[in-house]
Amino acid sequence: MALIHGGQLQQVAEKYKIPMADWLDLSTGVAPISYPVPDIPLSAWQQLPQQNPELIIAAKKYYQCAQLVVTNGSQAIIKALPELYRQRSKAIQTVYLPERGYKEHAQAWEIAGFTLHFYHDVLPGITELEPNSVVVIINPNNPTGQFFSRDIIKRYHQRLKQLNGLLVVDEAFIDAMPDEQSYCSEVIFGGDCEENNLIVLRSFGKFFGLAGIRIGFLVAGKYWCKKFSELLGPWQVNGPAQIIAEHALNDRAWHNQQRNKLHTLRERQETLLWQVFSSELVSAIEGCDLFLTLSFHQANNAKVLYHLLCQQGVYCRLSDEQDTLRFGIALEDDFKRLDSACRQACNILT
Ligand SMILES: Cc1ncc(COP(=O)(O)O)c(C=O)c1O
């Protein structure tokens, strides 16, 4: 069954009978500021895409890792991983996942017949992990924003190595944070220390504001890189996307600028949302510099507010549990509209 995500503006626009161009779409965690797309040589459109060695160099530097595979988004890895993991380890397996989190992980493992255990806020007890089990950590988590330090992740990594299990760290939204928070640099590969107990996923489209080009990275040891390269085959990522990503990953000054801008916008938007909704209605605002998630004292207010905002052409993401609202970060020019739509929705609600 296809899962519902943000970004389905076409359907929402049809439902609320508002032309697509008139919406303020904050339904995803894609940055509202995009990396400026460089000129693309005609050859990149004409030729079948080969692996661009310059992109690999740029990506290894940006992700601070020794080995990676370029994919057409980390989703490709999420979907294919369970079947590949079964080939590696045939024993009965348990997968630990966040109760609230990007649901594609849970769906992929469930379809492949694994037993799912959901954890809430705290990771599963380290001594309770079963042999060959898999722990999925989304860091920071989408939509809760929960973040685990490298030290904590390392403890799970070590334990899963002993158990011949697998740690999956999904860092789709980590780019807006300082580089040293990422777990990518822990990936060891080659020689005797062949690392096959760790996979880190990186998403390109969110931080760089270019979700449409579909590119992502698997950071892992030799074993997983080989398995996925074989499975995905040639022409995974189109040539223009590889050129754009190469430029973007190399542009250190732009990364710093983007982080600062996103951080400032997030702070202002958080203040705006607290002012409009107030602590009488909202119990918490959590997230990261790419999205903000609102929890409500009365859970069903999320659904009502979602509908009232859509009626005004403001599209945010109602959680699968229908009890929180996630807002992507808006541009400063859109704050006024966001503010007045939220106020109007609040007035009708109360
Ligand atoms: C936590 C998380 N991981 C992975 C993905 C997949 O992103 P992509 O395939 O664009 O890398 C998403 C998409 O929204 C996500 O929210």
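Right above here is the structure, for reference.
So, a few notes on the structure that sits alongside this text. Since this is a predicted model, take the numbers as computed values, not measurements. (Residues numbered from 1 in each chain as written. Predicted model: local features only at pLDDT ≥ 70, side-chain atom pairs only at ≥ 80, totals over all residues. Heavy atoms only, no water.)

Before going further, it helps to spend a moment on the pattern of salt bridges. Enumeration over the complete set of coordinates arrives at 17 salt bridges. Across the pair E270 and R266 runs a salt bridge whose closest N-O atoms are separated by 3.0 Å. Placement of both E270 and R266 in helix 9 (residues 252–281) is noted, with a separation of 4 residues, approximately one turn of the helix. Exposure remark for E270: the relative accessible area of 19% places this residue in the buried category. Residue class for R266 comes out buried when judged on its relative accessible area of 16%. Residue D320 is joined to R317 by a salt bridge in which the shortest nitrogen-to-oxygen separation is 3.3 Å. Because the salt bridges share partners, they merge into one network encompassing R100, K103, R317, D320, E321 and D323. (Salt bridge = Lys/Arg side-chain N within 4 Å of Asp/Glu carboxyl O. Helix = DSSP H or I, 4+ residues; strand = E, 2+ residues; numbered from the N terminus. Buried < 20%, exposed > 50% of the residue type's maximum accessible area, 1.4 Å probe, protein only.)

Right, let's talk about the environment of S340 for a bit. On the secondary structure map, S340 appears in helix 11 (residues 335–349). As for S340 and V276, which are separated by 64 residues in sequence, their C-alpha atoms are 8.8 Å apart.

Turning our attention to the site of the ligand. In the neighbourhood of the ligand, 13 residues make up the surrounding shell, with S74, N142, D170, S203 and R214 lying closest. A distance of 2.6 Å separates a nitrogen atom of the ligand from a polar side-chain atom of D170. Between an oxygen atom of the ligand and a side-chain N or O atom of R214, the distance comes to 2.7 Å. With the chains in place, 89% of the 400 Å² that the ligand exposes on its own is no longer accessible. Taken together, the residues of the shell around the ligand sort by class into 5 nonpolar, 5 polar and 3 charged. (Near = heavy atom within 4 Å. Polar contact = N/O pair within 3.5 Å; in protein donor to acceptor, adjacent residues only side chain to side chain. Areas by Shrake-Rupley, 256 points an atom, 1.4 Å probe, with all protein chains shown as cover. Nonpolar A, V, L, I, M, F, W, Y, C, P; charged D, E, K, R; others polar.)

Our focus in this paragraph is the layout of surface pockets. In this structure, the largest pocket occupies an estimated 840 Å³ of space. Put simply, the parts of the chain that give the lining of the largest pocket at least two residues each are helix 4 (75–88) and strand 13 (324–328). For the lining of the largest pocket, the class distribution of residues is 13 nonpolar, 15 polar and 9 charged. Residue contributions to the lining of the largest pocket reach at least three from each of two domains, namely domain 1 (9–28 + 254–349) and domain 2 (64–250). (1 Å grid on protein atoms, 1.4 Å probe; cavity = no way out; pocket = protein on both sides within 12 Å on 5 of 7 lines; lining within 4 Å. Points joined across faces, edges and corners; volume = space filled by probe spheres on them. Domains from an automatic or database assignment.)

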